[in-house]
Amino acid sequence: MNIILFGPPGAGKGTQAKYLVNKIDGFQISTGDLLREEIKKNTEIGKKIINNMNDGKFVSDEIVNDLIKNIILDPRKKNKLIFDGYPRSISQAKNLNYLLSESNQKIDSVFFLNVDKEIIIKRIKKRKILEKRSDDDLETILKRYDTYMKTTKPVLDFYSKNFSFHEIDGGQEISQITKEIEAFLNL
Ligand code: AMP
């Protein structure tokens, strides 16, 4: 089973992804985590992306597509992929389609955790204190939210028309969101 989790920053994608990883013995693909790791290790990619990340802008499709390629094509992870934060553009969605069909896989379910700006702001403020994430100051959060909603909208439209797509109220308690995901997946 391969699953995509959509949702603006702070909607709880990461939390639900980790839950699903445990539940189905899967692998989380968080492009945000992969990119932050590149910055932390100060790699060539890290140096290229740090400004965009800190500005709340998207990293180029080329860099992101390249980072996830080997994970998708890894036979040990086949049909156990939980996408968290990818794809975020039509170009990334096309790339994902291509890599999945190359490896005889498909997307089984897509979830959109929809949540309004006010709740996101409260949550990320809390997370900033807990995790000390460098890209999490308030202004950046708002930019990231707007960028996400604007750029990802066409991607959501695409998945809602062509896939098993479920919109969930991401403003609910974490456990309630988990329950709804479980119900859709018959877990
Ligand atoms: P996230 O942790 O998913 O909220 O991502 C944090 C930041 O990483 C985003 O604001 C973007 O700058 C960058 N990023 C993460 N995933 C992607 C992606 N699929 N495409 C482009 N940029 C991304």
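This text goes with the structure placed above it.
Residues numbered from 1 in each chain as written. Predicted model: local features only at pLDDT ≥ 70, side-chain atom pairs only at ≥ 80, totals over all residues. Heavy atoms only, no water.

A.B. asks: Could you give an account of the overall build of the protein, with specific residues and numbers?
C.D. replies: Counting secondary structure elements, the protein contains eight helices and five strands. For the protein, the α and β elements follow one another from N to C terminus as β-α-β-α-α-α-β-α-β-α-α-β-α. Dimensions of the protein along its principal axes, counting C-alpha atoms only, are 40 × 40 × 30 Å. Partitioning the contacts of the protein with sequence separation of at least 6, the portion at a separation of at least 24 is 75%. Surface summary for the protein: the accessible area is close to 10000 Å², and the carbon and sulfur share equals 50%. Separation of charge centres in the protein, based on 32 positive and 27 negative side chains, amounts to 1 Å. (Helix = DSSP H or I, 4+ residues; strand = E, 2+ residues; numbered from the N terminus. Contact = heavy atoms within 4.5 Å. Areas by Shrake-Rupley, 256 points an atom, 1.4 Å probe, with all protein chains shown as cover. Lys, Arg positive; Asp, Glu negative; His and termini not counted. Charge placed at Lys NZ, Arg CZ, Asp CG, Glu CD.)

A.B. asks: Account for the packing of helix 5 (residues 90-102) against helix 7 (residues 138-162), naming residues and giving values.
C.D. replies: Where helix 5 contacts helix 7, the axes come no closer than 8 Å and their chain directions differ by 40°. Between helix 5 and helix 7, the angle falls in the class oblique. Residues I90, A93, L96 and N97 of helix 5 lie in contact with helix 7, whose contacting residues are P154, V155, F158 and Y159. By residue class, the composition of the contact of helix 5 with helix 7 is seven nonpolar, one polar and no charged. (Axes fitted to C-alpha atoms, helices over the stretch in contact; angles between N-to-C directions. Parallel < 35°, antiparallel > 145°, perpendicular 65-115°, else oblique. Nonpolar A, V, L, I, M, F, W, Y, C, P; charged D, E, K, R; others polar.)

A.B. asks: I'd love a proper account of a negative patch on the surface, names of residues and values included.
C.D. replies: Together, D116, E118, E167 and D169 give the surface a local cluster of negative charge. Turning to its location among the elements, E167 is positioned in strand 5 (residues 165-169). (Patch = residues over 30% accessible without salt bridge, like charges linked within 9 Å, V, L, I, M, F, W, Y side chains within 5 Å. Salt bridge = Lys/Arg side-chain N within 4 Å of Asp/Glu carboxyl O.)

A.B. asks: Tell me about the packing of aromatic side chains, and name the residues and values.
C.D. replies: Counted according to the given criterion, the structure contains six aromatic pairs. An angle of 50° between the planes, with centres 5.6 Å apart, marks the rings of F6 and Y159 as tilted. Taken as a pair, F6 in strand 1 (residues 3-6) and Y159 in helix 7 lie far apart in primary sequence, 153 residues in all. For the pair formed by F6 and Y159, the shared burial category is buried. Members of the aromatic cluster, each reached through a chain of ring pairs, are F6, F158, Y159 and F163. (Phe/Tyr/Trp six-rings, centres within 6.5 Å; stacked < 30°, edge-to-face > 60°. Buried < 20%, exposed > 50% of the residue type's maximum accessible area, 1.4 Å probe, protein only.)

A.B. asks: Describe the site of the ligand, listing the residues and the values that go with them.
C.D. replies: Taken together, the neighbourhood of the ligand is formed by 16 residues, with T31, K57, G85, Q92 and R144 sitting nearest. Within the side chain of R36, an N or O atom sits 3.0 Å from an oxygen atom of the ligand. Within the side chain of R88, a nitrogen or oxygen atom sits 3.0 Å from an oxygen atom of the ligand. No other element matches helix 2 (residues 31-40), which puts four residues into the shell around the ligand. (Near = heavy atom within 4 Å. Polar contact = N/O pair within 3.5 Å; in protein donor to acceptor, adjacent residues only side chain to side chain.)

A.B. asks: Residues and numbers for the side chain of K13, please.
C.D. replies: Along the chain, the position of K13 falls in helix 1 (residues 13-24). Polar side-chain contacts of K13 include one of 2.7 Å to the backbone oxygen of G7. Residues contacting K13, with those up to four places away along its chain left out, are L5, F6, G7, P8, D84, G85 and L113.

A.B. asks: Talk me through the nonpolar core; I want residue IDs and the actual numbers.
C.D. replies: By size, the foremost hydrophobic cluster in this structure holds 27 residues, and its most contacted members are I4, F6, L35, I72, F83, L96 and Y159. Looking at this core, the elements with two or more residues in it are strand 1, helix 3 (44-54), helix 4 (61-73), strand 3 (81-84), helix 5, strand 4 (109-114) and helix 7. It is helix 4 that provides the largest number of residues to this core, a total of six residues. Within the second largest apolar cluster, 18 residues are counted, among which are L20, V115, I177 and L185. (Core = buried A, V, L, I, M, F, W, Y, C linked by side-chain atoms within 4.5 Å.)

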